[in-house]
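# A look at the structure
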Protein chains: 2
Amino acid sequence: MRHSPTLKKIAERLSVSISTVSRALKNHPDISPETGRKVKELAELLEYDPNPYAVNLRTHSSKEFAVVVPSLSNFFYHSFISSIEEEARNYGYSVIIYRSSNDPKIEQEILKSCRHKRVSGIFIAITSETNDIESFLKMDVHGIPVIFFDKVPQYESCNKICVGDEHAAFLAAKEIIKKDIPNVLGIFGDRNMSITKARLEKFKAVLQQDGQSINLKTVHARSSAEAEQITLSLLPEWIGKKFAVFCMSDEILAGSMKAIQRKGLSAPVDLGVIAISDGMIPLLFYPEITYAETSGSKLGTLAFKRMMRCIAGSSFAQTIIDESKLVAGGSI
Amino acid sequence: MRHSPTLKKIAERLSVSISTVSRALKNHPDISPETGRKVKELAELLEYDPNPYAVNLRTHSSKEFAVVVPSLSNFFYHSFISSIEEEARNYGYSVIIYRSSNDPKIEQEILKSCRHKRVSGIFIAITSETNDIESFLKMDVHGIPVIFFDKVPQYESCNKICVGDEHAAFLAAKEIIKKDIPNVLGIFGDRNMSITKARLEKFKAVLQQDGQSINLKTVHARSSAEAEQITLSLLPEWIGKKFAVFCMSDEILAGSMKAIQRKGLSAPVDLGVIAISDGMIPLLFYPEITYAETSGSKLGTLAFKRMMRCIAGSSFAQTIIDESKLVAGGSI
DNA sequence: AATGTTTCCGCAAACGTTTGCGGACAGAAG
DNA sequence: CTTCTGTCCGCAAACGTTTGCGGAAACATT
């Protein structure tokens with residue numbers, strides 16, 4: 001159980017005071033170049049690194065961000081986290097990742113832990129059952145900025161970074177119109193989710209406005225399995241017609257694709273397939289599925305910029321919405 | 001920027017000393033029941049929580065574990081982390097997740113950060129390019145136990161928890177023999193990875209021993225895309241024969257399935273498909289792919305148990321290998 | 001009454017940093 | 001020779017805990 005080098009040890013070996021060492025290490029103007037050099041050399045040699053606990057105790061600032069997500073098995077969050085990490089590294093911050101398991105109670109515990117640790121900031125995708133927005137707002141009182149992303153609360157006066165649900169739905173609908181497909185089966189998620197509403201409404205609106213003659217049927221599924229069942233039961237009535245299936249999310253897409261394979265159909269000849277996706281699942285099939293991308297990494301850089309603003313003192317809340325882009329596979 | 005309650009504040013309001021409060025809060029026998037009650041009541045009221053930085057500075061112990069993985073977009077790691085978290089919670093530990101991005105340099109930085117934070121223990125799946133095992137062993141000097149899992153170093157004298165590569169390969173091979181399939185295309189990963197060697201050798205051995213008449217061809221792919229290419233180029237010569245494709249991992253499976261779909265083939269009629277997998281990808285297809293499961297959650301509980309032993313003082317290194325189980329889809 | 005034993009509590013040091021303040025010394029200006 | 005302005009550095013307090021030690025009071029024993 002060896003001991004890490006401390007300011008004290010360096011000071012003793014150099015016969016200077018602790019404060020001198022401390023200052024030398026951060027290039028304080030009070031320190032002569034000569035002393036500065038010597039200190040930094042020894043520190044390098046000894047592999048000195050400040051004890052973060054002591055620093056925090058003293059300064060009340062931990063150079064670390066927390067990212068809180070409901071689940072890790074999600075390509076979108078993964079790419080979001082990646083970009084946050086990369087940016088953070090450049091600014092000398094580290095990031096720790098928390099997983100709420102979509103449980104508001106665990107989410108609260110994590111929040112408490114963040115408070116005690118005095119993290120410099122929190123990026124959070126809230127639980128689908130989170131309704132106590134109160135505790136998040138309280139973080140501000142403690143001087144900890146909170147940036148919501150992806151799954152954000154309804155409450156207006158907070159910082160939110162969201163994917164452009166409307167825009168993604170718009171792109172998908174436009175693509176369908178462009179391909180001149182007369183019949184569309186739209187499979188959406190849980191009716192209660194705001195994300196579902198946004199995507200559904202826009203999708204419907206575009207199709208009705210720009211493609212008047214298009215026949216659209218929409219259904220809702222709350223899970224991958226349910227999406228599979230629904231698709232399976234609906235598919236027979238469409239076979240033979242020229243039609244496309246639109247899947248609102250990766251989860252839905254996974255289920256629907258299973259049904260489509262099961263029926264022995266294959267895109268783009270028997271039907272068209274198009275989705276809104278984070279970009280992982282569509283690549284697993286041949287042809288790859290055409291999708292409107294909700295980019296986690298782009299959202300990440302946007303969120304990070306906003307965070308840095310908050311830390312710099314900008315207190316006014318803002319909602320940023322990221323645009324989507326269409327990635328053409330060969331499925332439609 | 002409000003202030004958290006401290007021992008001092010409680011002490012002042014109760015006109016006792018700080019030490020009395022500290023001891024009362026942890027039921028020290030020196031404290032009278034009367035005083036203890038009062039202190040605990042006020043602490044509850046004020047929502048007191050010890051400042052973890054001060055505690056650590058004093059005691060040199062943080063009740064938190066670190067889990068380090070190359071990537072988060074991996075169902076196996078995901079389930080591993082879940083089970084570690086669940087166990088940890090029961091013991092009053094929290095866990096922080098680090099992501100090395102499969103970069104040994106970042107891995108080193110993470111390790112350093114863990115050292116400074118004096119985490120109570122580290123669970124790590126090393127980078128595929130990690131060869132400097134030295135720094136991991138040094139953690140022991142600092143009193144931080146390290147448990148390797150999944151991707152483990154060759155070095156013997158350390159704690160390793162691995163999936164049963166041999167056993168999984170064995171199960172897959174046995175299944176092929178049982179189904180009486182005469183021709184097998186085995187697609188494996190990078191030749192240099194120990195995991196590849198273990199799976200390849202066992203797979204080959206079982207097939208040769210128990211299924212003498214089986215014709216086995218093995219190839220190697222270093223990525224999903226490469227697996228797709230190889231499969232694509234090889235498939236024509238097998239069509240018509242009764243054969244099966246064995247994929248060593250999820251990554252390979254993803255690539256191969258794309259090629260198979262591209263050729264318009266479908267399991268189990270045109271060919272058989274079987275894999276070693278963490279259980280996510282196989283469920284995306286219809287029929288679901290039959291696979292030998294490498295269970296992250298089981299590995300997690302095993303790793304955690306080992307960790308608790310280490311913390312309790314057991315210093316002797318041990319390698320634990322988890323057995324696999326066959327999950328039948330309908331692909332073979 | 002003197003001594004021993006409990007019970008309960010406070011003092012103070014320590015963990016490793018940061019930082020305001022003041023002091024020693026040098027050279028410059030008068 | 002005094003005074004002044006820098007330059008460079010050290011003292012000491014503070015952050016919030018934990019814990020060994022010692023001490024006061026109360027009570028029990030000779």
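One structure accompanies this document, and this report is about it.

Analysis parameters
- Residues numbered from 1 in each chain as written.
- Chains lettered and ligands numbered in written order.
- Predicted model: local features only at pLDDT ≥ 70, side-chain atom pairs only at ≥ 80, totals over all residues.
- Heavy atoms only, no water.
- Helix = DSSP H or I, 4+ residues; strand = E, 2+ residues; numbered from the N terminus.
- Buried < 20%, exposed > 50% of the residue type's maximum accessible area, 1.4 Å probe, protein only.
- Lys, Arg positive; Asp, Glu negative; His and termini not counted.
- Salt bridge = Lys/Arg side-chain N within 4 Å of Asp/Glu carboxyl O.
- Polar contact = N/O pair within 3.5 Å; in protein donor to acceptor, adjacent residues only side chain to side chain.
- Contact = heavy atoms within 4.5 Å.
- Pairing = 2+ DSSP bridges.
- Right-handed = clockwise from strand over helix to strand, strands pointing away.
- Least-squares fit on C-alpha atoms with pLDDT ≥ 70 in both.
- Core = buried A, V, L, I, M, F, W, Y, C linked by side-chain atoms within 4.5 Å.
- Near = heavy atom within 4 Å.
- Nonpolar A, V, L, I, M, F, W, Y, C, P; charged D, E, K, R; others polar.
- Buried area = accessible area lost by both parts, 1.4 Å probe.

### Description of the side chain of Asp278(A)
All names here are of chain A. Take Asp-278: it is sitting in the loop between β9 (272-277) and β10 (290-293). For the buried Asp-278, no salt bridge exists, and the shortest N-O distance to an oppositely charged side chain is 6.4 Å, to Arg-199. There is a polar contact of 2.7 Å between the side chain of Asp-278 and the side chain of Thr-294. Not counting the four nearest positions on each side in its chain, Asp-278 is found in contact with Asn-74, Phe-75, Phe-76, Asp-250, Glu-293 and Thr-294.

### Considerations on the pairing of strand β3 (residues 121-124) of chain B
All names here are of chain B. A two-sided burial pattern is seen for β3, the buried positions comprising Gly-121 and Phe-123 on one face and Ile-122 and Ile-124 on the other. Note that strand β1 (residues 64-69) and β3 share four bridges and pair parallel. Its bridge partner being in β3, Val-68 is matched across the sheet by Ile-124. Looking at chain direction, β3 and strand β4 (residues 146-149) are connected through three bridges and run parallel. Opposite Ile-124, over in β4, you have Phe-148 as the bridge partner. In this region the chain leaves β3, passes through helix α7 (residues 134-141) and returns to the parallel neighbour β4; the handedness of that crossover is right-handed.

### A short note on the relation of the copies chain A and chain B
With an axial shift of 0.3 Å and an RMSD of 0.7 Å, the rotation relating chain A to chain B amounts to 180°. The superposition operator between the copies reduces to a two-fold rotation axis. In terms of C-alpha distance to the rotation axis, chain A has Tyr53(A) as its closest residue, with the C-alpha 2.4 Å off the axis. Both copies present the same face, since 98% of the interface residues in chain A are matched by interface residues at the equivalent positions in chain B.

### A word on the nonpolar core
Core analysis: the biggest nonpolar cluster contains 54 residues, and Leu253(A), Leu271(A), Val273(A), Leu253(B), Leu271(B) and Val273(B) have the highest contact counts within it. Here Val273(B) is in contact with Val245(B), Leu253(B), Met257(B), Ile260(B), Ala267(B), Ile289(B), Thr290(B), Ser331(B) and Ile332(B), once residues within four sequence places are set aside. Formed by 51 residues, the second largest nonpolar core is a distinct cluster that contains Ala303(A), Ile84(B), Ile97(B) and Ile147(B).

### A word on the protein's contact with DNA strand D
Close contacts around DNA strand D come from 29 residues, with Thr20(A), Arg23(A), Asp30(A), Thr35(A) and Arg58(B) the closest. Put simply, 57% of the atoms of DNA strand D that lie within 4 Å of the protein are in sugar or phosphate. For DNA strand D, a phosphate oxygen lies 3.0 Å from a polar atom in the side chain of Lys26(B). At a separation of 3.4 Å, a phosphate oxygen of DNA strand D approaches a polar backbone atom of Asn51(B). Elements represented by at least two residues in the surface near DNA strand D include exactly α2 (18-25) and α4 (52-59) of chain A together with α1 (7-14), α2 (18-25) and α4 (52-59) of chain B. Considered class by class, the residues forming the surface near DNA strand D number nine nonpolar, 12 polar and eight charged.

### Section: the interface of chain A and chain B
Contact residues are listed per partner, giving 46 residues for chain A and 45 residues for chain B. Taken together, the two surfaces of chain A and chain B that pack against each other cover about 4800 Å², and 55% of this comes from carbon and sulfur. The three residues of chain A that bury the most area against chain B are Tyr53(A), Leu284(A) and Tyr286(A), which together make up 17% of that side's buried surface. Between the two partners, chain A and chain B, sit 10 salt bridges. Here Asp49(B) ties to Lys112(A) by a salt bridge, and the two come within 4.0 Å at their closest N and O atoms. The interface formed by chain A and chain B holds 19 residue pairs in polar contact (both at pLDDT 80 or more) in total. Among the secondary structure elements, those contributing two or more residues to the side of chain A that touches chain B are α4, α5 (75-90), β2 (94-99), α6 (104-117) and α11 (250-262) of chain A. A breakdown of the residues in the side of chain A that touches chain B according to their chemical character gives 19 nonpolar, 14 polar and 13 charged.

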